[in-house]
Amino acid sequence: MKTYKVGLIGAGFMAKAHSIAYAGMPMFFWPAPGMTERKTIADLTQERADAAAASFGFEKGTANWQDIINDPQIDIVDICTPNDVHAEIAIAAAEAGKHILCEKPISRTVEEAKAMYHAVKKAGVINMLAFNYRRTPAVQLAKKYIAEGALGDILDFRATYLQDWSADPNSPLSWRFQKNICGSGALGDIATHVVDMMRFLVGEFEEVNARTATYIDERPVQTGSVDSLGNVKGGDDVPKDKVDVDDQCFFMVKAAKGVFGTIEATRNAWGRNNFITFEIHGTKGSVAFNYERRDELQVCFASDEGDRRGFRTVYTGPAHPYGEGLWPIPALGIGYTETKIVEMYDFIKAIAENKQADPSFQDGYKIELISDAVLRSAQSQQWEKVGAIEE
Ligand code: SOE
């Protein structure tokens, strides 16, 4: 069994999730498709990189991410940085022949996404985007029912991603509110997760009709570069600066085969924490999912007798996708970590088998084209077509 050496760039909470996934993957999925060795982690200062190396189990830290690219021993470059450096790092990693796992969204712009896609295609390296929620067993179970035809022809969907960590106006102006770093707000940060899930479940998006809003147009300037997701507030005495991205986006979708849907995303919905939901209706049944109850899939089959037809709860477990690797009794309960472990399993398996992983940089580029159509539509207040991938 091969051991792949990993260089991880960025040392925030997402790097913690990826590090746990590298360590935990073989404990859940054995025999593992391959083993990993956490070699180098990079962050902005040597002190922070060294602390992350000690805490996340890496051999060493560096304040220079190019050390990872230039290290011939490193097989995998894992990008957990803010969005503004995804393209530069990913293109350098591809040119150095490394396999790449990149946090979402792929980039700030369509141009960057296209360049990243072309770089990995030219280099022939395995590439994957970390849209982890599609790997929740209940979401995979919904996919299985749809693929089997158990729901019939899909008619429509409605999906949300609601959080509240930025609803407080004193939640600071982190990179997630600055267009030059993030590209877009709730749209890129969280709506893209739902776009990924809906493309995976119901098919390609063709047109969108969108509205976006920015409710809090200035926020306290953040001291330090660690993004604490609103948990450390800026006081009223802290100077404020402009927010230039969306707090909320809402859009209708025309997807392939006449499927119609809606997506709503905001980080300002008081009381909602990680409220990723969808309901999909077909000619033979429906499924409904809520990530805050992520072990469960609600399903209704039209073929049930009328006097007992209704949503039933399937608790995912060993009988369901990834169930053989996860916990032995349904509803023992998975968390965010397990979705990342499953993601890592699929990524390492793709590398070991030399097969392209899903969602790939091509999917990321397509999702960036969808985000671009959403922003165009929010301006034009019209339906806008999603652009095509340029090979
Ligand atoms: C903040 O909204 C955030 O950390 C997102 O960036 C992640 O992708 C999501 O999974 C959790 O919330």
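Worth saying up front: this structure is predicted, and the values here are computed from it rather than measured. (Residues numbered from 1 in each chain as written. Predicted model: local features only at pLDDT ≥ 70, side-chain atom pairs only at ≥ 80, totals over all residues. Heavy atoms only, no water.)

Engineer: Please clarify how the packing of aromatic side chains should be interpreted in this entry.
Structural biologist: Pairs of aromatic rings are described using the distance from one ring centre to the other and the angle between the two planes. Overall, the coordinates contain twelve aromatic pairs when judged by the stated rule. Three or more aromatic residues link up through ring pairs in this structure, and these residues are Tyr133, Tyr161, Tyr291 and Tyr336. The residue whose ring lies beneath Lys143 is Phe200, and the NZ or CZ to ring-centre distance is 4.9 Å. (Phe/Tyr/Trp six-rings, centres within 6.5 Å; stacked < 30°, edge-to-face > 60°. Lys NZ or Arg CZ within 6 Å of the ring centre and 35° of its normal.)

Engineer: Please clarify how the sheet that holds strand E14 (residues 285-290) should be interpreted in this entry.
Structural biologist: Sheet strands pair by backbone hydrogen bonding; their relative direction is either parallel or antiparallel. With respect to topology, nine strands assemble into an open sheet ordered E16-E15-E14-E13-E7-E12-E11-E8-E17, the strand pairing being mixed. On the outer flanks of this sheet lie strand E16 (312-315) and strand E17 (384-385), each paired with one strand and no other. As paired strands, strand E7 (residues 154-162) and strand E12 (residues 260-266) are joined by seven bridges and run parallel to one another. Directly across from Phe157, in E12, lies its bridge partner Gly261. Against the sheet, helix H6 (residues 137-148) makes contact with E7, strand E13 (275-282), E14, strand E15 (296-301) and E16, and its axis sits at roughly 25° relative to E15, the strand it touches most. Each of E7, strand E8 (205-213), strand E11 (248-255), E12 and E13 is contacted by helix H8 (residues 186-202), which is oriented at about 155° to E7, the strand it contacts most. (Pairing = 2+ DSSP bridges. Helix = DSSP H or I, 4+ residues; strand = E, 2+ residues; numbered from the N terminus. Contact = heavy atoms within 4.5 Å. Axes fitted to C-alpha atoms, helices over the stretch in contact; angles between N-to-C directions.)

Engineer: Would you explain the site of the ligand in this entry?
Structural biologist: Taken together, Phe13, Lys104, Tyr133, Tyr161, Gln163, Trp165, Arg176, Asp189, Ile190, His193 and Leu229 make up all the residues around the ligand. Here an oxygen atom of the ligand and a side-chain polar atom of Trp165 are 3.2 Å apart. Side-chain polar atom of Asp189 to an oxygen atom of the ligand: 2.5 Å apart, as the coordinates give it. When the ligand is considered free in solution it has 310 Å² of accessible area, and contact with the protein chains removes 93% of it. It is H8 that provides the largest number of residues to the shell around the ligand, a total of three residues. Within the shell around the ligand, the residues separate by chemical class into six nonpolar, two polar and three charged. Counting contributing residues, the shell around the ligand receives three or more from each of domain 1 (3-133) and domain 2 (137-293 + 295-334). (Near = heavy atom within 4 Å. Polar contact = N/O pair within 3.5 Å; in protein donor to acceptor, adjacent residues only side chain to side chain. Areas by Shrake-Rupley, 256 points an atom, 1.4 Å probe, with all protein chains shown as cover. Nonpolar A, V, L, I, M, F, W, Y, C, P; charged D, E, K, R; others polar. Domains from an automatic or database assignment.)

Engineer: What is the right way to read the nonpolar core from this model?
Structural biologist: Within soluble globular proteins, side chains that are nonpolar generally end up buried alongside one another. Core analysis: the largest hydrophobic core is formed by 76 residues, its most contacted members being Met198, Phe251 and Phe278. The element that contributes the greatest number of residues to this core is H8, accounting for eleven residues. Taken domain by domain, the makeup of this core includes at least three residues from each of domain 1 (3-133) and domain 2 (137-293 + 295-334). Apart from the residues within four sequence positions on either side, Met198 is in contact with Phe157, Ala159, Gly203, Phe205, Ile263, Phe278 and Ile280. (Core = buried A, V, L, I, M, F, W, Y, C linked by side-chain atoms within 4.5 Å. Buried < 20%, exposed > 50% of the residue type's maximum accessible area, 1.4 Å probe, protein only.)

Engineer: Before we go on, may I ask you to explain the environment of Asn268 in this structure?
Structural biologist: Structurally, Asn268 can be placed in the loop between E12 and E13. With relative accessibility at 16%, the residue Asn268 sits in the buried group. When the C-alpha atoms of Asn268 and Ser166 are compared, they prove to be 5.4 Å apart, with 102 residues separating the residues in sequence. Those residues in contact with Asn268 that lie beyond four places of it in its chain are Gln163, Asp164, Ser166, Ala167, Tyr215, Ile216, Arg219 and Asp247. Polar contacts involving the side chain of Asn268 include one to the side chain of Ser166, which spans 2.4 Å.

Engineer: Just to check I follow, could you spell out the side chain of Ser166 for this structure?
Structural biologist: Tracing the chain through its elements places Ser166 in the loop between E7 and helix H7 (179-182). Excluding residues within four positions of it along the chain, Ser166 makes contact with Ser171, Phe177, Ile216, Arg219, Arg267 and Asn268.

Engineer: Would you mind going over the sheet that holds strand E4 (residues 76-79) with me for this structure?
Structural biologist: Pairing is parallel in the open sheet, where six strands are placed in the order E3-E2-E1-E4-E5-E6. Single-partner strands in this sheet number two, and they are strand E3 (60-62) and strand E6 (127-129). Ignoring which end each strand starts from, the neighbouring axes of this sheet average 25° apart. As paired elements, strand E2 (residues 35-42) and E3 share three bridges and run parallel to each other. Each bridged residue has a counterpart across the sheet, and for Ala42 the counterpart in E3 is Thr62. Each of E2 and E3 is contacted by helix H2 (residues 46-56), which is oriented at about 155° to E3, the strand it contacts most. Along the sheet, helix H4 (residues 86-95) makes contact with strand E1 (3-9), E4 and strand E5 (99-102), crossing E4 at roughly 175°.

Engineer: Sorry, what's going on with a nonpolar patch on the surface here?
Structural biologist: The grouping of Trp327, Ile329 and Leu332 at the surface amounts to a nonpolar patch, some 310 Å² of accessible area in total. Relative to the elements of secondary structure, Ile329 occurs in the loop between E16 and helix H9 (336-353). Judged by relative accessible area, which is 51%, Ile329 ranks as exposed. (Patch = residues over 30% accessible without salt bridge, like charges linked within 9 Å, V, L, I, M, F, W, Y side chains within 5 Å. Salt bridge = Lys/Arg side-chain N within 4 Å of Asp/Glu carboxyl O.)

Engineer: What is the right way to look at a negative patch on the surface in this model?
Structural biologist: A cluster of acidic residues, Asp217, Glu218, Asp241 and Asp244, forms a negative patch on the protein surface. Mapped onto the elements, Asp241 comes out in strand E10 (residues 240-242). (Lys, Arg positive; Asp, Glu negative; His and termini not counted. Charge placed at Lys NZ, Arg CZ, Asp CG, Glu CD.)

Engineer: Explain the packing of H8 against helix H10 (residues 361-380) to me, please; I cannot follow it from the model alone.
Structural biologist: What describes two packed helices is the angle between their axes and the distance between those same axes. At a closest axis distance of 10 Å, the pairing of H8 and H10 adopts a crossing angle of 115°. Considering the relative orientation of H8 and H10, their crossing is right-handed. Between H8 and H10, the contacting residues are Leu187, Thr192, Val195, Asp196 and Arg199 on the first element and Asp363, Lys366, Ile367, Ile370, Ser371, Val374 and Leu375 on the second. Here the contact of H8 with H10 is composed, by residue class, of six nonpolar, two polar and four charged. (Left-handed = near helix turned anticlockwise from the far one by under 90°.)

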